[in-house]
Protein chains: 2
Amino acid sequence: MTDLLTRCRVVLVRPHYAGNLGATARVMRNFGLSDLVLVAPYASTGDLDARRMATHGLAVLDAARVVPDLGAALSDCVFSLATSSLTAGVFRSGTIGTAAEQMPELLAAAESGPVAIVFGPEPHGLSNEEIGRCHGLVNVPSDPASGSLNLAQAVAICCYEFRKAWSKRLNDARGKPEIPARAVAPFADQDRMFEHLRHALTEVGYLFGEKGDSLMHAIRQLVGRAMPTPQEVKILHGLARQLLWASRQMKRDGAGDAPEADSRDKSDG
Amino acid sequence: MTDLLTRCRVVLVRPHYAGNLGATARVMRNFGLSDLVLVAPYASTGDLDARRMATHGLAVLDAARVVPDLGAALSDCVFSLATSSLTAGVFRSGTIGTAAEQMPELLAAAESGPVAIVFGPEPHGLSNEEIGRCHGLVNVPSDPASGSLNLAQAVAICCYEFRKAWSKRLNDARGKPEIPARAVAPFADQDRMFEHLRHALTEVGYLFGEKGDSLMHAIRQLVGRAMPTPQEVKILHGLARQLLWASRQMKRDGAGDAPEADSRDKSDG
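Report on the accompanying structure. (Residues numbered from 1 in each chain as written. Chains lettered and ligands numbered in written order. Predicted model: local features only at pLDDT ≥ 70, side-chain atom pairs only at ≥ 80, totals over all residues. Heavy atoms only, no water.)

**Topic: the side chain of B:Asn139**
Residues and elements named next belong to chain B.
- In this structure, Asn139 sits in strand β7 (residues 136–139).
- Asn139 gets classed as buried once you look at its relative accessible area, which sits at 8%.
- For Asn139, the side chain forms a polar contact with the main-chain oxygen of Ser84, separated by 3.0 Å. (Helix = DSSP H or I, 4+ residues; strand = E, 2+ residues; numbered from the N terminus. Buried < 20%, exposed > 50% of the residue type's maximum accessible area, 1.4 Å probe, protein only. Polar contact = N/O pair within 3.5 Å; in protein donor to acceptor, adjacent residues only side chain to side chain.)

The structure is reproduced here in structure tokens:
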């Protein structure tokens, strides 16, 4: 399924700044995309700023194709999305969506052939005519008062969402998430650990008398809220064992019958 | 609910390139964030590259605070996430998540006070010690072979996901009653408590040698994830005091030089 990532083309229409070419190549590489097409660019991939910003994406930059117009960039594509910060006008609501909404559709289309995300020039974005040539419109939700996203940032977020869609599809196919869900220790294991800890904290003189129960309750609440992993439950068992050992040392030597009043008064705040 | 966006601080630790300061300010502005803190920066917000890249984010750039260390950047935060492209090592699996998974949690924490996303310097990212001071770790899933994301691109994706979580919450919340936020102890208070606890756990023989640091990390993570209340922080101070008292009892009587091998072997699972 890796090839679906390489089937997603990034098209930059008349890009002005070389730094954006490099930053685009780098972030495409970060998310596993590789097909970059420049339509009548003002900036050159050979520019020092482009190469400096590309870092690990230099191969993507060097493989970028330059074409004279949008039609040439999209000629073999089965589906394409235009990007725009403006969502009113040309398009009907049905074809507009956020990056998170649209990328799963673009990915599905990629099963059938090359697809493209099209970005306009830095100063003003795509023309209405250019938007009209694409199959849909994608928008990155942002603060309406803030001005538009930087070109390479917009590319980053679209590539990120495309990879997310790809990753989800991959996992759905396998039935597993890419990063496995966090394991949480089952209640019975937590309960045994809390009993172990209660015993140890009592022996070491921390829990005693009336306030002992409410202190232990507070500790259970705190740790329970964090939903401890099995590993963390083991770590707390280890702590309990060490405290029991320490309390035996104290008792063996006849010390420690009366914990400091001072430490006790403040222990429950 | 707009204020939840402004409660999310972006912390750049020792940033090297002025262009990244400007691009960070711009994209924060795009997504409605405004609180930028720079820890011992090499680059200056007055640099031409910073100002050129900031465009509509100049106000964010100009309001950026410079602090000497990470503790100062996080002192009033109730929750913080470190970013890293590496997800093995220091951290246990329990505290790692993708930006999409972690940002809703960070947003929920913002109900209780300022929260932060912490980004490391361009060459190598955050140190293990810096990662360990945060409450959790966030990762942007990318091609493992591609090298790391550009700093400002990583900021963009985290801010984008934070705004997405905010936007979803806003939609979900319409027509639902507000639940009062739980009080959470600020970072500086938690930090003092963890140092107290580290000292006590060392004295009582639980933390020692190579594994001491990673055990303490695990405990910080576990408690930090629960977002302890000021009351719970006091309770843990009380525990530290009691353990220090117990260790003095042991030492006064000349016992306790060598903890049981048995308790030690199992303590980290």
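**Structural notes on helix α8 (residues 151–174) of chain A**
Residues and elements named next belong to chain A.
- Across its 24 residues, α8 extends 35 Å between first and last C-alpha, which sits within 8% of the 34 Å expected from 1.5 Å per residue.
- Judged by how many residues are buried, α8 sits mostly within the fold: 18 of 24 residues are covered.
- Capping of α8 at its N-terminal end is provided by Asn150; its side-chain oxygen lies 2.9 Å from the backbone amide nitrogen of Ala152. (Expected span 1.5 Å × (residues − 1).)

**What to know about the sheet that holds strand β4 (residues 79–83) of chain B**
Residue and element names in this part refer to chain B.
- Pairing is parallel across the open sheet formed by seven strands, whose spatial order is β3-β2-β1-β6-β4-β7-β5. Taken across any chain shown, the strands that pair with only one partner, and hence form the sheet edges, are β3 (65–67) and β5 (96–98). Pairwise comparison of adjacent strand axes, ignoring direction, gives a mean angle of 30 degrees for this sheet.
- In the sheet, strand β2 (residues 35–39) pairs with β3 via three bridges, with the strands oriented parallel. Its bridge partner being in β3, Val39 is matched across the sheet by Val67.
- Most of the contacts of helix α6 (residues 99–110) go to β5, to which it runs at about 105 degrees, and overall it touches β1 (8–13), β4, β5, β6 (115–119) and β7. (Pairing = 2+ DSSP bridges. Axes fitted to C-alpha atoms, helices over the stretch in contact; angles between N-to-C directions. Contact = heavy atoms within 4.5 Å.)

**A few points about the environment of A:Ala64**
Residue and element names in this part refer to chain A.
- Tracing the chain through its elements places Ala64 in the loop between α4 (58–62) and β3 (65–67).
- Residue classification places Ala64 among the buried positions, given a relative accessible area of 17%.
- Among all residues touching Ala64, those that are not within four sequence positions of it are Leu36, Leu38 and Thr45.

**Notes on unusual backbone geometry**
Residue and element names in this part refer to chain B.
- For Arg14, which is not glycine, the phi torsion reads 45 degrees and is therefore positive.
- Here Arg14 lies in the loop between β1 and α2 (18–30).
- The exposure class of Arg14 is partly exposed, given its relative accessible area of 24%.
- Unlike most non-glycine residues, Met227 shows phi in positive territory, near 50 degrees.
- In this fold, Met227 is placed in the loop between α10 (209–225) and α11 (230–252).
- What makes Met227 buried here is its relative accessible area of 14%.

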